[in-house]
Amino acid sequence: MPSPAEPDPRPLTGEPLAIDLLNTRWIDAAGRHDLLDSLDGTALWLNTPLVRDTLGGARVPAGRDTQERLRQARAALDEAVADPAHPTPAAVTAVNDVLAHGRLRQVLGPGGPATMPEVDNPAWLPGWAAVTDFLRLMADRPDRIRACGNPQCVLHFYDVSKNGTRRWCSMSGCGNRAKAQRHYARHYRE
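Below is a summary of the structure that appears in this document. Computed from a prediction, not measured in an experiment: that's the story for all the values here.

By the definition in use, this model includes 13 salt bridges. Arg166 is paired through a salt bridge with Glu15; the nearest N and O atoms lie 3.6 Å apart. Remark: Glu15 occurs in the segment before helix 1 (17-22) and Arg166 occurs in the loop between strand 6 (156-158) and helix 7 (171-187); sequence separation between them is 151 residues. Put simply, Asp143 and Arg141 hold a salt bridge, and the shortest N to O gap is 3.5 Å. In this structure Arg141 comes out as partly exposed when scored by relative accessible area, which is 35%.

The following block contains the structure:
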């Protein structure tokens, strides 16, 4: 697994925080990968600009406690992402179990009003923030939270295309493979 100083090895980054946490697992030619399998991978994810910016500079140690809380949050997102518009009772319970560990508090700071997250244990902050972000995506456009159209791919994305017809985690990866397979099937049928 990578060390926090190495570049992010994941094939899809740049998605909203909730989706980015889901995409800490991926499959490529070398097999299955899970960034949260190691403390180095957990530290790498915690130190991505997306996570650092979302947490407002809060430093969360990449220890076993944080790693386990992130896995629990990701498992809750796995349950909920199956059908974001109609979550199952298990998904509702899993998501609410993570959300129970934090809240947003209104404060007046030197720069004016602000909203600050509070969690019962700092290890919950990144996972709680990711699940909170998922609620934002659900409130905005739950139909745009999607799994890649490639059945061998485990990645997800938030479709921000104008007409909402994106099917692949990336056109250069899964999209091109699907086009090549269709081309081969059309031209080389027996």
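It is worth spelling out helix 5 (residues 89-99) at this point. Those residues of helix 5 not exposed but buried are Ala91, Val95, Val98 and Leu99. Angular distribution of buried residues about the axis of helix 5 spans 100°; they occupy a single face of the element. For helix 5, the elements touching its buried residues are helix 4 (64-81), strand 3 (102-109) and helix 6 (125-140).

Remember that side chains alternate between the two faces of the sheet whenever the strand is regular. Where strand 3 meets strand 4 (residues 112-119), 8 bridges bridge the pair, whose relative direction is antiparallel. Within strand 4, the residue paired with Gln106 across the bridge is Thr115.

Cut-offs and rules
Residues numbered from 1 in each chain as written. Predicted model: local features only at pLDDT ≥ 70, side-chain atom pairs only at ≥ 80, totals over all residues. Heavy atoms only, no water. Salt bridge = Lys/Arg side-chain N within 4 Å of Asp/Glu carboxyl O. Helix = DSSP H or I, 4+ residues; strand = E, 2+ residues; numbered from the N terminus. Buried < 20%, exposed > 50% of the residue type's maximum accessible area, 1.4 Å probe, protein only. Arc of directions from axis to C-beta. Contact = heavy atoms within 4.5 Å. Pairing = 2+ DSSP bridges.

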